[in-house]
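# Fold and contact review
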Amino acid sequence: MGRRTALAGRMITVDSVSKRYGRFLAVDDVSFECRAGQVTGFLGPNGAGKSTSMRIMVDLTPASHGTVRIAGHRYVDIPNPGRHVGVLLDASAQHAGRTGREVLTLGAKTMGLPDSRVEEMLDLVALSATEAKRRVRNYSLGMRQRLGIAHALLGDPSILILDEPANGLDPAGIHWMRGLLRSYAERGGTVLLSSHLLHEVERIADELILIGNGRIVAQGTKQELLQTRGAYVRAQEQEALADALARAGVHAVPSGTGLRSDAEAEQIGKVAATAGIALTELRPADGAGLEEMFLQLTADSQRDTTEGVAA
Amino acid sequence: MSTSTLAAGGTLDFTGTRAVPLSRLIGVELRKLGDTRAGKWLLIGIAAITVAVITIFFLTANESDRTFLNFVGITATPQGFLLPVLGVLLVTSEWTQRTGLVTFSLVPHRGRVVAAKVAASLIAGAAAIALALLVATAATVIGGSPEAWSGIGAHSFGKFGLLQVMGVLQGLALGLLFLNSAAAIVTYFVLPTAVSIVAALWTALSDVWPWVDLGTAQQPLFSGGDLTGEQWSQLGVATLIWVALPFALGVVRVLRAEIK
Ligand SMILES: Nc1ncnc2c1ncn2[C@@H]1O[C@H](COP(=O)(O)OP(=O)(O)O)[C@@H](O)[C@H]1O
Ligand SMILES: [Mg+2]
């Protein structure tokens, strides 16, 4: 891969995209951007609309409304798109009767790449010569993911769109992929990857987009989203502290052996000082906000599903 | 990231990239015909049956019947059965095996993929016919009747080729229309029989039938002699109904379909 500066260019722009299946809105007015040099995590429970959104990005699914631009262009207008946008939508969507090497060879031939590129990619994703000779029907899901990632990288693209690439990878494989995508982004590449597991993306992503029931519920940098407002406070005189906070109009609820409040630590400290209460602990609340939000989202969508079945 | 260069302002510069030429896509589709076990055996099967029927005819027919045209003609039916299946599978496997996700994200102009598949299927058909001609020539040279080479003209090859091309195109059309191998193949084989049964029962329509039934309209292609103007018209109309129409509907479906 050549040298390239990590400009903060908008490489993928999704603008008010919706997808309707009959009366069901699978994707509901989704807008976001992915920037060069960054890994953007597209996070949401099963059925949230991640795959549908990603298919819309590469023109496999027509959007009911809204537009997607790849570096300012429509996907169909990109000449030889595999050379610019590496796509992995479903690692299992391969002809079961083809060998792994043949799958890559077809891609390389379509894009007009030399056969040596196939060998390079097999090496990169650590598929051995024997494994490459096997038919895809005999591949484990993890091997299919590696093959899919190899295929996405074949054309040496500047943008990667990967749907659940960590699915089926073992912990070592996930670690490997994290390193691969990190260094890819550091060289200026743009990565959009989806997942239904928070811990999978929070380690690699710079930006996070949280989607549930087709709608974006939160988006921002990982720091912004992982950080929660509020503080955790503890005092010997717990009751007195709670009273003092209540009198000062600061809402606080018991949490563990102390209190948790939406107010910032500074304000709580002042209230306690004025009331003459000695604190044993005062700190910003744990960054569990994203996890809570995600759990809530997952629980909501599961409830929807159950209701759907019952109805 | 050598192929995509990031231009100022953070946009990608595509000017250095050429679109994928159709010839390359045809090459890829030809490769897909034979790169799975099923595909390879279908190709081998077509070749083997072509050689086998000519050999059997050579060994069993009267010497006077061992003409070049008879040798070629004997391959028409088995090839006519198998070549369309090749076209069907080339289209439907993109859906049944879900490889369309990759194929159409590499080539978002779906019409070009369809065109490449049509070309690849026709090339495979032409290769099968060439093999038939080659083996028939060998058989005729080895033990043909004294009159073995008579009556050969451009029209005999033309009619033979036209039949196979129509079969291949109909297979492709049904593949595009159903996007499902079983439905397309069953329809391809059952439809002519069903139509001729209806034709036999519905005698009131016997005047219209040569215009509507492809099998009837194709009859003159199997026999020697030139087609009359009316026969050509009937062939055209029937082809329009059973090949062109399903093909057009199939292409529209593929262009519009969600690929997932
Ligand atoms: N063809 C379709 N008809 C009706 N609903 C669909 C269709 N395709 C997808 N859906 C629904 O759209 C929603 C989003 O699906 P998807 O994008 O696959 O979610 P994710 O990838 O986030 O798990 C799901 O509820 C799914 O059932
Ligand atoms: Mg999905």
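Residues numbered from 1 in each chain as written. Chains lettered and ligands numbered in written order. Predicted model: local features only at pLDDT ≥ 70, side-chain atom pairs only at ≥ 80, totals over all residues. Heavy atoms only, no water.

### A few points about the pattern of salt bridges
To keep it simple, the criterion reads: The term salt bridge refers to a pairing of a side-chain nitrogen on Lys or Arg with a carboxyl oxygen on Asp or Glu at a separation within 4 Å.
Enumeration over the complete set of coordinates arrives at 21 salt bridges over all chains. As a salt-bridge pair, A:E33 and A:R35 come within 3.4 Å of each other at their nearest N and O atoms.

### Description of the site of ligand 1
Convention followed: Throughout, the term near means that a residue has one or more heavy atoms lying within 4 Å of the molecule or strand in question. Polar contacts, as used here, are pairs of N or O atoms within 3.5 Å; protein pairs need one atom able to donate a hydrogen and one able to accept it. Residues neighboring in sequence count only if both atoms are side-chain atoms. Strands are runs of DSSP state E lasting at least two residues, helices are runs of H or I lasting at least four, and both sets are numbered from the N terminus onward. Note on residue classes: Ala, Val, Leu, Ile, Met, Phe, Trp, Tyr, Cys and Pro are nonpolar, Asp, Glu, Lys and Arg are charged, and everything else, Gly too, is polar.
Looking at ligand 1, the residues that line it are A:Y21, A:F24, A:A26, A:P45, A:N46, A:G47, A:A48, A:G49, A:K50, A:S51, A:T52 and B:K260. Nearby residues around ligand 1 are contributed by chains A and B. Interatomic distance of 2.6 Å between a backbone N/O atom of A:G47 and an oxygen atom of ligand 1. Those elements giving two or more residues to the shell around ligand 1 turn out to be β2 (24–35) and α1 (50–57) of chain A. The element best represented in the shell around ligand 1 is α1(A), accounting for 3 residues. In terms of residue class, the shell around ligand 1 is built from 5 nonpolar, 5 polar and 2 charged.

### Some words on the side chain of B:S105
Definition in use: Note on contacts: a residue pair is in contact if any heavy atoms of the two residues lie within 4.5 Å.
The residue B:S105 is located in helix α5 (residues 100–106) in this model. Once residues within four sequence positions are removed from consideration, B:S105 is found in contact with A:V58, A:L60, A:Y75, A:P81, A:V87 and B:G100.

### Looking at the interface of chain B and chain A
Operational definition: Buried area adds together the accessible area that both of two parts lose upon being put together, with accessible area traced by a 1.4 Å probe.
Facing the 42 residues of chain B at the interface are 55 residues of chain A. Summed over both sides, the interface between chain B and chain A buries roughly 4200 Å², with carbon and sulfur atoms accounting for 60% of that surface. Remark: the boundary between chain B and chain A carries 4 salt bridges. The salt bridge partner of B:D35 is A:R98, with a shortest N-O separation of 2.8 Å.

### Overview of the packing of aromatic side chains
Note the cut-off: Here a pair means two rings of Phe, Tyr or Trp (six-membered ring of Trp) with centres within 6.5 Å. Their orientation is stacked below 30 degrees between planes, edge-to-face above 60, and tilted elsewhere. Relative accessibility thresholds used throughout: buried, under 20% of the residue-type maximum; exposed, over 50%; partly exposed, between the two (1.4 Å probe, protein chains only). Counting as a charge over the ring demands two things of the Lys NZ or Arg CZ atom: a distance within 6 Å of the ring centre and an angle within 35 degrees of the ring normal.
Throughout the structure, instances matching the rule amount to 8 aromatic pairs over all chains. Pairing A:F32 with A:F42 gives two aromatic rings, centres 5.3 Å apart and planes at 50 degrees, and the pair type is tilted. With A:F32 in strand β2 and A:F42 in strand β3 (residues 39–43), this residue pair connects regions lying 10 residues apart in the sequence. With relative accessibility at 3%, the residue A:F32 sits in the buried group. Pairing B:W95 with B:F104 gives two aromatic rings, centres 5.7 Å apart and planes at 55 degrees, and the pair type is tilted. Each member of the pair B:W95 and B:F104 is classed as buried. Sitting above the plane of the B:F58 ring, B:R66 keeps its charged end 5.1 Å from the centroid.

### Some words on helix α10 (residues 214–222) of chain B
For the α-helix, the turn length of 3.6 residues means that residues three or four positions removed from each other point alike. So the rule is basically this: Note that the arc is computed from the directions linking the helix axis to the C-beta atoms.
Those residues of α10(B) lying buried are B:L214, B:A217, B:Q218, B:P220 and B:L221. Taken down its axis, α10(B) places every buried residue within 135 degrees of arc, on the same side.

### So, the confidence of the model for chain A
All names here are of chain A. In plain terms, the rule: Think of pLDDT as the predictor's per-residue confidence, scored from 0 to 100.
Predicted confidence across chain A gives a mean pLDDT of 89, with 91% of residues reaching 70 or more. Counted against residues more than four places away or in other chains, residues 1–7, with its pLDDT under 50, gives 21 contacts. Contacts from residues 306–311, a stretch scored under 50 in pLDDT, to residues over four places away or in other chains number 0 contacts.

### Overview of the sheet that holds strand β9 (residues 215–221) of chain A
All names here are of chain A. For clarity, the threshold we go by: For two strands to be treated as a pair, DSSP must find no fewer than two bridges joining them. Lines fitted to C-alpha atoms define the axes here, with helix axes fitted over just the stretch in contact, and angles between the N-to-C directions of these axes take values from 0 to 180 degrees.
A sheet is described by the order of its strands in space; here 6 strands give the open sequence β5-β6-β7-β3-β8-β9, paired in mixed fashion. Among the strands making up the open sheet, the edge pair consists of β5 (85–88) and β9. Averaged over neighbouring strand pairs, the angle between their axes works out to 15 degrees when direction is ignored. The pairing of strand β8 (residues 207–212) with β9 spans 6 bridges and is classified as antiparallel. Note that in β9 the partner of I211 across the bridge is I216. Contacting β5 and β6 (159–162), helix α5 (residues 141–153) runs over the sheet at an angle of about 160 degrees to β5.

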